[in-house]
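# Survey of secondary and tertiary structure
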Amino acid sequence: RELHYADSTIYKMRRKIQTAMDNYDLKPFSGVVQIDEAFVKGSNHGRFTKAGDKEKADGKYPILGIYEENGKRVYCYPAQKNEKGQHLTGKQLKTFIESICAPGTIVVSDEWRGYNFMDKPDSNYHHETVDHNARQRVNENGYTTNGIEGFWSIIKKMYYSTHSNLPKEWMHLY
């Protein structure tokens, strides 16, 4: 509005800026990171298809997010379906974490079973969990997922206030 350009020009400029931001070299996250997943789009917020299942109904897209506490950085990426058509399997999470986090990183998550691969002895990561079902916000060792949860709150407010139906091909740009 302030630049007095046509809306189509502004959208093209925004898309080019978003694409450029998506194509930068990402330094590995280290230290303490928080990881969580969020689901956007559709209605029926907060409901699973069956008890404890993270595969959402209503066409919602799962987005993985990692928040680095020391560097105050966040990296998000929409989860893609695997060859069986599933979102958010342990194998996908492992690939995602290994591509973003340096070995030796302390990874804090909720107790969802998809993160269990980090509890194995051959894992390159120290895994801390926060039990949200028990209303735990900080675990016994002082670790929390509040940073990434706060980020999801901001993202969802932005998304639901401006985008009612964003195509999943563009999700990684937001």
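Below: a short report on this structure. Just so it is clear, the model here is predicted, and its values are computed rather than measured. (Residues numbered from 1 in each chain as written. Predicted model: local features only at pLDDT ≥ 70, side-chain atom pairs only at ≥ 80, totals over all residues. Heavy atoms only, no water.)

## Quick word on helix 2 (residues 90–100)
To be explicit about the condition: Exposure is judged per residue with a 1.4 Å probe applied to protein chains only, and the accessible area is read against the type maximum: over 50% gives exposed, under 20% gives buried, and values in between give partly exposed. A run of DSSP states H or I qualifies as a helix once it reaches four residues; a run of E qualifies as a strand once it reaches two. Both are numbered from the N-terminal end. Throughout, the arc means the angular range of directions from the helix axis out to the C-beta atoms.
Inspection of helix 2 places L93, F96, I97 and I100 among the buried residues, and these make up the whole buried set. Burial along helix 2 is one-sided: seen end-on, the buried residues are contained in an arc of 95°. Exposed residues pointing more than 90 degrees away from the buried face of helix 2 are listed as K91, T95 and S99.

## Regarding the pattern of salt bridges
To be explicit about the condition: By convention in these notes, a salt bridge is any Lys or Arg side-chain nitrogen within 4 Å of a carboxyl oxygen on Asp or Glu.
A full pass over the atoms with the stated rule returns 1 salt bridge. Residue R73 pairs with E68 through a salt bridge whose shortest N-O separation is 2.8 Å. Its relative accessible area of 25% is what places R73 among the partly exposed residues. You can call E68 buried: its relative accessible area is 6%.

## Thoughts on the nonpolar core
We count it as follows: Only buried Ala, Val, Leu, Ile, Met, Phe, Trp, Tyr and Cys residues count toward a nonpolar core, and they belong to the same one when joined by side-chain atoms within 4.5 Å. The contact definition used throughout considers only heavy atoms, calling two residues in contact when any of these lie within 4.5 Å.
Judged by nonpolar contacts, the single largest core of 19 residues is most densely connected at I66, I97 and C101. Counting residues per element, the ones that place at least two in this core are strand 1 (32–40), strand 2 (61–68) and helix 2. Here this core gets 4 residues from one element, more than from any other, and that element is helix 2. Sequence-distant contacts of I97, that is, excluding residues within four places in its chain, are made with I35, F117, M118 and Y125. In this structure, I63, Y67, W152 and Y159 belong to the second largest nonpolar core, which totals 7 residues.

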